[in-house]
Amino acid sequence: MAYDGIVISNVIHDIKTECLGGRVVKVQQPSSDTVTFTIKGFKGQTKLYMSVNNSLPIVYIADTLPQAPMQAPAFCMLLRKHLGNGRLTDIRQPGFDRVFDFVFEHLDEMGDLTERHLIIEIMGRQSNIILTDADYMIMDCMRRVMPDLGAALTDDSKKDSVRILFPGQKYEAPDSQGKLNPVDEEMPFDRDVFEKNLVSKSVPIPKAIFTSITGFSKSTAEYIVDAAGVDGRKSFADLSADETDKIFDAISLTIKNIKAGEYSPKLIYVDGSPKDYLSITNFGDKTKEADSDLDNADTISRILIRFYSEKEKQINVRSKASDIKKVLQTAIERASRKYDLQLGQLADTEDRDKYRIYGELLNTYGYELKGGESSLTCLNYYDNQEITIPLDTTLTAQENSQKYFAKYNKKKRTCEALTEFVKQTKEELDYLLSARHSLELAENDTDIAELRSELEKAGVIKKKTSSKGARKMAAGKPLHFISSDGYDIFVGKNNIQNDELTFGLATGKDIWFHAKKMPGSHVIVKVKEDDMRLEDVPDRVFEEAAGLAAFYSSGSDESDKNSAVESSQKIEIDYTERKNLKKPPQARPGYVIYHTNYSMMAAPSLGNLQQLT
């Protein structure tokens with residue numbers, strides 16, 4: 001189920017139950033797109049989390065709130081001024097759309113009681129938080145929206161379609177696009193409305209539902225159709241009268257439950273992972289098969305926290321690392337172009353020996369020339385084949401020979417210099433790719449800070465000036481797994497952790513794994529005894545460790561990482577004892593060399609390994 005109008009109505013119902021009439025005791029803005037409120041009511045303090053992040057716009061009752069910066073942004077200060085110590089008097093959902101309208105009473109500077117509206121629009125990339133006065137005049141927005149003046153001047157039809165969100169403008173709710181408001185008392189959802197607005201559409205039934213009723217998402221429509229026992233691939237024209245009645249009854253029951261506030265949130269698990277969530281009660285037929293995998297929670301907010309916690313953590317980490325990602329991508333593109341250019345220049349020197357041979361043959365057979373010839377045909381004593389040498393008619397045989405030797409020497413010097421440059425550029429490119437891979441593995445602020453510090457030392461990004469008295473962040477920890485046979489397996493999440501694992505934690509007999517010729521994590525298997533030989537370790541340990549090395553490499557598809565499902569794609573993995581590894585002087589973090597190793601093919605997989613925190 002999507003975060004649609006039904007889920008929002010459930011969230012509003014819970015917030016009203018918890019803190020309607022309560023006072024705002026704290027307003028914070030942890031990030032550029034997130035605002036948090038702490039409201040003290042009759043039931044104690046309630047924490048509200050409001051995010052308009054492009055990837056995950058959401059509002060819910062939170063158990064804990066993210067830490068806010070010491071200095072509040074300007075928008076946060078405005079909210080504190082107009083909503084601080086204010087009383088929450090109502091929460092509305094205009095048009096049953098994906099919009100929250102929080103209504104507060106607040107004393108202004110003159111001590112007069114005033115009304116303020118905090119509007120949160122959950123509209124994907126157009127999501128916004130807007131503060132208005134009692135007359136819905138905009139005081140400010142988290143994201144100000146102005147029309148494209150150039151487009152407006154050339155296209156009058158776009159003038160009225162642009163919704164301006166700017167201080168001093170009148171707030172207008174998003175256009176309903178002619179959809180029905182399912183909870184509108186003035187136009188209740190009856191049979192006539194159903195026939196006129198839904199049955200007349202010649203599209204698949206779920207699409208007819210979610211394109212006709214506000215707040216109903218595609219997934220909600222599909223649940224309704226399944227609950228009615230109707231094939232969702234059909235249109236209303238393909239249904240019998242009895243099937244049409246079932247669709248009408250299912251929609252009516254859904255609307256009835258919404259109006260009565262009869263929510264029963266459930267979280268659906270598939271293979272131990274959260275797959276979907278439900279907010280309303282009449283989808284029994286859809287969930288009968290998964291009853292054993294249903295998790296009944298107290299509130300929709302707790303379900304949202306469980307369902308989106310991992311995704312939200314990834315979004316927050318990616319957001320904080322966006323500047324690193326941009327710099328890395330630019331550096332990788334620059335290094336790739338440089339590497340390709342150098343390879344092309346190096347390829348141009350591959351024919352250098354031809355000019356040396358031309359020079360030698362001219363020294364040998366040049367006495368036959370009388371002057372003014374354009375070429376010399378002679379026997380190449382290196383391969384006993386006849387060869388024709390082009391000549392400059394204005395030069396003597398000796399001068400032509402010197403010209404070819406000069407060309408040979410130039411290409412030889414270029415080749416020698418470029419060979420070293422290509423090696424350095426390849427090492428730089430490999431390092432940047434490994435850093436990007438580390439960024440993909442980052443799980444928290446510590447991982448991001450470690451990577452930033454590493455890139456600053458490498459000169460990839462500019463070093464930030466640390467404020468006086470800033471706290472030193474604790475070192476990040478590598479991933480720790482326990483194999484099926486009880487062996488400890490460690491996985492580095494960045495190059496610093498890779499070095500610490502390989503040259504700090506690991507001892508000579510421990511086994512090191514790494515994806516062959518591609519960026520990836522160092523994987524260390526700790527042997528149980530110092531005198532244990534490689535062949536004494538169970539084969540299953542090698543398979544599981546190689547699966548981890550493949551999973552945490554750039555060869556593993558990102559979707560596999562998110563689903564933790566074994567991929568059919570196999571990657572070549574090198575493994576060897578730790579004692580066979582060396583780190584060259586002045587080498588970048590994470591770089592090692594080895595000449596003794598074994599290889600095996602492994603599919604990216606976490607298997608059934610137990611992960612320790």
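Quick notes on the rules
- Residues numbered from 1 in each chain as written.
- Predicted model: local features only at pLDDT ≥ 70, side-chain atom pairs only at ≥ 80, totals over all residues.
- Heavy atoms only, no water.
- Helix = DSSP H or I, 4+ residues; strand = E, 2+ residues; numbered from the N terminus.
- Buried < 20%, exposed > 50% of the residue type's maximum accessible area, 1.4 Å probe, protein only.
- Contact = heavy atoms within 4.5 Å.
- Areas by Shrake-Rupley, 256 points an atom, 1.4 Å probe, with all protein chains shown as cover.
- Pairing = 2+ DSSP bridges.
- Axes fitted to C-alpha atoms, helices over the stretch in contact; angles between N-to-C directions.
- pLDDT = per-residue confidence, 0-100.
- Salt bridge = Lys/Arg side-chain N within 4 Å of Asp/Glu carboxyl O.
- Phe/Tyr/Trp six-rings, centres within 6.5 Å; stacked < 30°, edge-to-face > 60°.

In this structure, what is going on with the overall build of the chain? I would like to understand it.
Looking only at helices and strands, one finds 16 helices and 21 strands in the chain. Of all 613 residues assigned to the chain, the portion counted as buried reaches 45%. A separation of at least 24 residues holds for 62% of the contacts in the chain among residues at least 6 apart in sequence. A total accessible area of about 32,500 Å² is found for the chain, and carbon and sulfur atoms account for 48% of it.

Mind showing me how you'd approach the environment of Leu131 here?
Along the chain, the position of Leu131 falls in strand E8 (residues 128-133). Filtering out sequence-adjacent residues up to four positions away, Leu131 remains in contact with Leu78, Leu79, His82, Leu83, Arg116, His117, Leu118, Met137, Ile138, Met139 and Asp140.

Quick question: what am I supposed to make of the sheet that holds strand E18 (residues 523-525) here?
The pairing of strands in a sheet comes from backbone hydrogen bonds and takes either a parallel or an antiparallel form. Spatial ordering of the open sheet is given by E20-E19-E17-E18-E16-E15-E21, a layout of 7 strands whose pairing is antiparallel. Edge positions in the sheet fall to strand E20 (598-602) and strand E21 (610-612), since each of these pairs with one other strand and no more. Geometrically, the sheet is characterised by an average inter-axis angle of 30° between neighbouring strands, direction not taken into account. As judged from the 3 bridges shared by strand E15 (residues 479-482) and E21, these two strands associate in the antiparallel manner. Opposite Ile482, over in E21, you have Gln610 as the bridge partner. Docked against the sheet, helix H14 (residues 495-505) engages strand E16 (488-491), strand E17 (511-515) and E18, running at close to 140° with respect to E16. Each of E15, E16, E17, E18, strand E19 (571-577) and E20 touches helix H15 (residues 539-551); the most contacted strand, E17, lies at about 40° to it.

Which parts of the structure should I look at to understand the confidence of the model for the chain?
Do not read the fine detail of predicted coordinates wherever pLDDT is low. The share of residues in the chain with pLDDT of 70 or more is 90%, and the mean pLDDT across the chain is 87. The least confident element of the chain is helix H8 (residues 284-287), whose mean pLDDT is 44; the most confident is E8, at 97. Here residues 284-292 is a poorly scored stretch, pLDDT under 50, and it has 8 contacts once near neighbours within four places are set aside; other chains count. Low pLDDT, under 50, characterises residues 558-567; the predicted model gives this stretch 19 contacts beyond four residues in sequence or across chains.

What am I meant to see in helix H6 (residues 218-228) here?
An α-helical turn contains 3.6 residues, so a residue and the one three or four places further along point in the same direction. Counting buried positions along H6 gives 8 out of 11 residues, so the element sits mostly inside the fold. All of the buried residues in H6 are Ser219, Thr220, Ala221, Tyr223, Ile224, Val225, Ala227 and Ala228. Remark: Gly229 follows H6 within two positions and exhibits a positive phi of approximately 75°.

Help me understand the pattern of salt bridges in this model?
Any two side chains of opposite charge can pair, on the condition that their charged atoms come close. Under the definition given, this model contains 24 salt bridges. A salt bridge links Lys246 to Asp242, with the nearest nitrogen and oxygen atoms 3.8 Å apart. Taken together, the residues Lys246 and Asp242, both in helix H7 (residues 241-260) and 4 residues apart, mark about one turn of the helix. By relative accessible area, Lys246 is classed as partly exposed at 38%. Between Asp353 and Arg356 there is a salt bridge, with the nearest N and O atoms lying 3.7 Å from each other. Highlighted residues: Asp353 and Arg356, both in helix H11 (residues 352-365), separated by 3 residues, approximately one helical turn. Residue class for Asp353 comes out partly exposed when judged on its relative accessible area of 36%.

Got a minute to help me understand unusual backbone geometry in this structure?
Trans is the prevailing form of peptide bonds, just as negative phi is the prevailing case for residues other than glycine. Here Asn85, not a glycine, exhibits a phi torsion of approximately 65°, which is positive. The topology assignment puts Asn85 in the loop between helix H2 (74-83) and strand E5 (87-92). Of note in the backbone geometry, Tyr136 takes a positive phi value of approximately 60° without being a glycine. Here Tyr136 lies in the loop between E8 and strand E9 (138-141).

Just to check I follow, could you spell out the packing of aromatic side chains for this structure?
Both the distance between ring centres and the angle between the ring planes are used here to describe each pair of aromatic rings. Tallied over the entire structure, the rule returns 22 aromatic pairs. A ring pair is formed by Tyr277 and Phe307, whose centres lie 5.0 Å apart and whose planes are at 70°; its orientation type is edge-to-face. Here Phe307 lies in helix H9 (residues 300-320) and Tyr277 lies in strand E11 (residues 273-280), a separation of 30 residues in the sequence. In this structure Tyr277 comes out as buried when scored by relative accessible area, which is 0%.

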